[in-house]
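Below, each chain spelled out in residue letters.
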Number of protein chains: 2
Amino acid sequence: MSHRPLDPRKELILKVVTDDYIESAEPVGSRTIARKYNLGLSPATIRNEMADLEESGYLKQPHVSAGRIPSQQGYRYYVDVLMQQQTLNEEEQGLIRLYFEDRSRQLDTILQQTVKILAQLTRYPSLMLGPTLQPSIFKHVQLVPLSATDILVLIVTDMGIVEKKVIAIDCPISQANLDRVSYILNKKLRGRPFASLKSSVLNELKEEIKTEDSSFQQAITLLLSTLDTRERERVYLDGIINILEHPEFKELEKFKLLMELLEEEERLHRLLASRRPGLRISIGEENPEEAVHECSIITANYEIGGRVVGTIGVLGPTRMDYAHVVSVVEFIAQSLSEFLSKS
Amino acid sequence: MSHRPLDPRKELILKVVTDDYIESAEPVGSRTIARKYNLGLSPATIRNEMADLEESGYLKQPHVSAGRIPSQQGYRYYVDVLMQQQTLNEEEQGLIRLYFEDRSRQLDTILQQTVKILAQLTRYPSLMLGPTLQPSIFKHVQLVPLSATDILVLIVTDMGIVEKKVIAIDCPISQANLDRVSYILNKKLRGRPFASLKSSVLNELKEEIKTEDSSFQQAITLLLSTLDTRERERVYLDGIINILEHPEFKELEKFKLLMELLEEEERLHRLLASRRPGLRISIGEENPEEAVHECSIITANYEIGGRVVGTIGVLGPTRMDYAHVVSVVEFIAQSLSEFLSKS
DNA sequence: ATTAGCACTCGCCTTTCGGGAGTGCTAACA
DNA sequence: TGTTAGCACTCCCGAAAGGCGAGTGCTAAT
């Protein structure tokens, strides 16, 4: 990600072209630049520089007699070097603060609404990967018999996340035994981080119950086997319509391709889960997923008590308002982390 | 919904026009009809009949020199009188049966996948209103302390639906007291249908705890107050992209209007919740929601053990393949009901 | 009552064409 | 040597024009 630096004037022009194109969605020509951003340069000079920038791969032309637009490499340089850090204005900050001030305490709802507010502020589709169990602390397990053959297993984490799972058993287990299983599991597991469950603790447990009767053993073994097979985290999504505001998606086909992705939670999950931690900007074909080869994705992580638990971000055309989106995503990730950590 | 009957030949023509338009999405003219469906009538005769049908409001013309298309009233007559009952072909039935054969036992997943399969078979966006609590049976309540001030309340129904709610309390309640509250509530409520909870039982409970100490009373009162304030049922949705296959949504504006609706769970909930029970077909402006004034909606209910608990259906342009969709929706609602009831 | 014939309408597709924005090149200039 | 004015050229885009075709309503004949 290191760039050989461009000479300052070229940088300036690349920046101006990118800024203007991001705002106007129209290829930008030398004349426009000279007039609009009086840089003390004539259109001809600018043309020369642009020709150079095109040759070295930072700009491109949709067709020969049009202005220039940034190439993927151009955006990359812009994002890494040229883009001006931006801070949210009062209004935006206020909105977010207000939102996190007090809210329904349902984790689910909070997450859904957070994505919604992100979409609102950025005007791009926004997504979030729900919190992983891994860094959470085991709080409670409860077994509820639903019928003769089905038992509902509830697992509660310190964050109030509830995992549920129905398991089928061959022969009925008495209520008393169920209670004892619950009791033992709780005693053993409460307060432990989930990450530590797989290995040692579970083996210990298995040892301990060697002396118990077989129906009891069956119950607990079954349970243990479900503890670590967890469904994938939920993906939250909002603001899809925003994408339609942008001319790059006027052709239905382009939009359809994206929509197909957005409707498949599994693909979204894969996309988000593959992101490296920290604030990430991936542009166009840098993305692994083909459907977003003409899009950029900006994500950040959110944490609970200092432990990274999830990812939140925004999806838009490569011609995206990077500076603004970065500031919003960062601020929201930050706010969400604080909110989740203080409870 | 009663119609003054049309004379048989007019009916025939209305039916043919509607069938053809549903299939082709093009206004259908007299020539086409005469040629394609040899009814033993000349184009001229058909023209006369169509003119009559237009005058009485069953057909309309997009513009003067185009063929005819059904009006809303025309569709209504078609649906109520002319449409031929259809049964699913083997392949479709097989697919559905296979799907309900065995599946992850997670209720959530089942419902989500059911909508998905409905969308796949109909090629329209499909939606479902998640099961109501009302007709379910109370199975278990569990209180889990998350922190000094927050308690997680879990309520489990006989269907394995888990309602969760975090409630904040002013002063800590001892674990022992929490357990006692759980115990009392479970003893009192287990086996009761939710519908009966609001009134008498809760009052009884309040009476019973008059003698307890105040922290205990506080806990239980708080709890009772949350029991009947339930969040709205979840809305499941799949297959939005399907809508783009249809020419009536080529103009982005039309699509956007719909998309806005589909992204707002609350509006969807309202839309689905307002449906009267049974198999319902509502056409165009018969729908209360403005965004679907050029759409039709077909819904049916699904049940658990004979109790209606939810709604499942399909949304499409008024030019919708009613006969096919009706058969699919009915069959899936039926299958889902059986599936949910047998466990 | 039905139908053949005919004149007429009108959306839609294709083609044409001019304007405008932008370019690269060349030559002059500081 | 870098900058700039001038100019010829390219090519997209939108408007206008025109022809085709599908369909209609009406009239007159069967």
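In what follows, the structure referred to is the one given above.
This write-up is about the structure you can find in this document. (Residues numbered from 1 in each chain as written. Chains lettered and ligands numbered in written order. Predicted model: local features only at pLDDT ≥ 70, side-chain atom pairs only at ≥ 80, totals over all residues. Heavy atoms only, no water.)

### Some words on the protein's contact with DNA strand C
Not every one of the 21 residues close to DNA strand C is listed here, only the nearest: Ser30(A), Arg68(A), Arg9(B), Thr45(B) and Val64(B). Atoms of DNA strand C within 4 Å of the protein belong to the sugar or the phosphate in 80% of instances, the rest to bases. Thr32(A) places a polar side-chain atom, nitrogen or oxygen, 3.4 Å from a phosphate oxygen of DNA strand C. Only α2 (30-36) and α3 (43-55) of chain A together with α3 (43-55) of chain B provide two or more residues apiece to the surface near DNA strand C. If you tally residues by element for the surface near DNA strand C, the top one is α3(B), at four residues. Looking at the surface near DNA strand C residue by residue, the classes come out as five nonpolar, twelve polar and four charged. (Near = heavy atom within 4 Å. Polar contact = N/O pair within 3.5 Å; in protein donor to acceptor, adjacent residues only side chain to side chain. Helix = DSSP H or I, 4+ residues; strand = E, 2+ residues; numbered from the N terminus. Nonpolar A, V, L, I, M, F, W, Y, C, P; charged D, E, K, R; others polar.)

### Digging into the protein's contact with DNA strand D
Taken together, 20 residues are adjacent to DNA strand D, and Arg9(A), Thr45(A), Val64(A), Ser65(A) and Ser30(B) come closest. For DNA strand D, the fraction of protein-proximal atoms (within 4 Å) that sit in sugar or phosphate groups is 77%. Between DNA strand D and Arg47(A) there is a distance of 3.3 Å, counted from a base oxygen to a side-chain nitrogen or oxygen. Arg68(B) is positioned with one of its side-chain polar atoms (N or O) 2.9 Å from a phosphate oxygen of DNA strand D. Those elements giving two or more residues to the surface near DNA strand D turn out to be α3 of chain A together with α2 (30-36) and α3 of chain B. Ranked by the residues each element gives to the surface near DNA strand D, the list is headed by α3(A), at four residues. The residue makeup of the surface near DNA strand D, split by class, is five nonpolar, eleven polar and four charged.

### Comments concerning the pattern of salt bridges
Residue and element names in this part refer to chain A. Counted under the stated rule, the structure contains 36 salt bridges over all chains. Close ionic contact of lysine 116 with aspartate 238 constitutes a salt bridge, the shortest N to O distance being 3.9 Å. Residue lysine 116 is located in helix α6 (residues 107-122), and its partner aspartate 238 is located in strand β7 (residues 235-238); the two are separated by 122 residues in the primary sequence. Owing to a relative accessible area of 9%, aspartate 238 belongs among the buried residues under this scheme. (Salt bridge = Lys/Arg side-chain N within 4 Å of Asp/Glu carboxyl O. Buried < 20%, exposed > 50% of the residue type's maximum accessible area, 1.4 Å probe, protein only.)

### What about the relation of the copies chain A and chain B?
Note on the copies: chain A fits chain B at an RMSD of 0.1 Å, the axial shift is 0.0 Å, and the rotation between them is 180°. Between the two chains, the operation in question is that of a two-fold axis. In this assembly, 100% of the residues forming the interface of chain A have copies in chain B that are likewise at the interface, indicating an isologous arrangement. (Least-squares fit on C-alpha atoms with pLDDT ≥ 70 in both. Contact = heavy atoms within 4.5 Å.)

### Some points on the environment of Gln334(A)
Residues and elements named next belong to chain A. With respect to the secondary-structure elements, glutamine 334 resides in helix α12 (residues 322-342). Residue class for glutamine 334 comes out partly exposed when judged on its relative accessible area of 46%. Once the C-alpha coordinates of glutamine 334 and arginine 190 are considered, the two residues, 144 residues apart in sequence, prove to be 29 Å apart.

### Examining the packing of helix α5 (residues 90-101) of chain B against helix α6 (residues 107-122) of chain B
Residues and elements named next belong to chain B. Packing of α5 against α6 brings their axes to within 11 Å, and their N-to-C directions diverge by 170°. Classed by the angle they form, the pair α5 and α6 counts as roughly antiparallel. Across the interface between the two elements, Glu92, Leu95, Ile96, Tyr99 and Phe100 from α5 touch Ile110, Gln113, Thr114, Ile117 and Leu121 from α6. In terms of residue class, the contact of α5 with α6 is made up of seven nonpolar, two polar and one charged. (Axes fitted to C-alpha atoms, helices over the stretch in contact; angles between N-to-C directions. Parallel < 35°, antiparallel > 145°, perpendicular 65-115°, else oblique.)

### Things to note about the layout of surface pockets
Considered as a void within the structure, the second largest pocket measures approximately 730 Å³ in volume. When contributions to the lining of the second largest pocket are tallied by element, the ones reaching two or more residues are β4 (138-145) and α7 (175-189) of chain A together with β4 (138-145) and α7 (175-189) of chain B. Class assignment of the residues belonging to the lining of the second largest pocket gives a composition of eight nonpolar, ten polar and seven charged. (1 Å grid on protein atoms, 1.4 Å probe; cavity = no way out; pocket = protein on both sides within 12 Å on 5 of 7 lines; lining within 4 Å. Points joined across faces, edges and corners; volume = space filled by probe spheres on them.)

### Some details on the packing of aromatic side chains
Evaluated as defined, the whole model comprises ten aromatic pairs over all chains. Here the aromatic rings of Tyr99(A) and Phe100(A) are separated by 4.6 Å at their centres, their planes lie at 65°, and the arrangement is edge-to-face. Plain terms: the ring middles of Phe255(A) and Phe255(B) are 5.5 Å apart, the flat faces sit at 70° to each other, and that makes the pair edge-to-face. Of this pair, Phe255(A) sits in helix α10 (residues 252-262) while Phe255(B) sits in helix α10 (residues 252-262), each in a different chain. For the pair Phe255(A) and Phe255(B), one class covers both residues: buried. Linked through ring pairs, Tyr99(A), Phe100(A) and Phe339(A) together constitute an aromatic cluster. Its end group placed over the ring of Tyr21(A), Arg319(A) keeps NZ or CZ at 6.0 Å from the ring centre. (Phe/Tyr/Trp six-rings, centres within 6.5 Å; stacked < 30°, edge-to-face > 60°. Lys NZ or Arg CZ within 6 Å of the ring centre and 35° of its normal.)

### Some thoughts on the sheet that holds strand β7 (residues 235-238) of chain B
Residues and elements named next belong to chain B. Strand order in the open sheet formed by five strands is β7-β3-β10-β9-β8, with antiparallel pairing between adjacent strands. A single partner strand is all that each edge strand has here, and the edge strands are β7 and β8 (280-283). Averaged over all pairs of adjacent strands, the angle between strand axes in this sheet comes to 20°, irrespective of strand direction. Of the strands in this sheet, β3 (126-129), β7, β9 (295-304) and β10 (307-317) touch α6, which is tilted by about 40° from β7. (Pairing = 2+ DSSP bridges.)

### Some points on the interface of chain A and chain B
Each partner contributes to the interface: chain A provides 36 residues, whereas chain B provides 36 residues. Buried area between chain A and chain B, summed over both chains or domains, comes out near 3,400 Å², and the portion from carbon and sulfur atoms is 60%. Taken together, the connections running from chain A to chain B amount to two salt bridges. In this structure, Lys256(B) and Glu245(A) form a salt bridge, with 3.6 Å as the shortest nitrogen-oxygen distance. Counting across the chain A and chain B interface gives seven residue pairs in polar contact (both at pLDDT 80 or more). Residue assignment for the side of chain A that touches chain B shows that the elements contributing at least two residues are β4, β5 (150-157), β6 (162-168) and α10 of chain A. Grouping the constituent residues of the side of chain A that touches chain B by class yields 16 nonpolar, seven polar and 13 charged. (Buried area = accessible area lost by both parts, 1.4 Å probe.)

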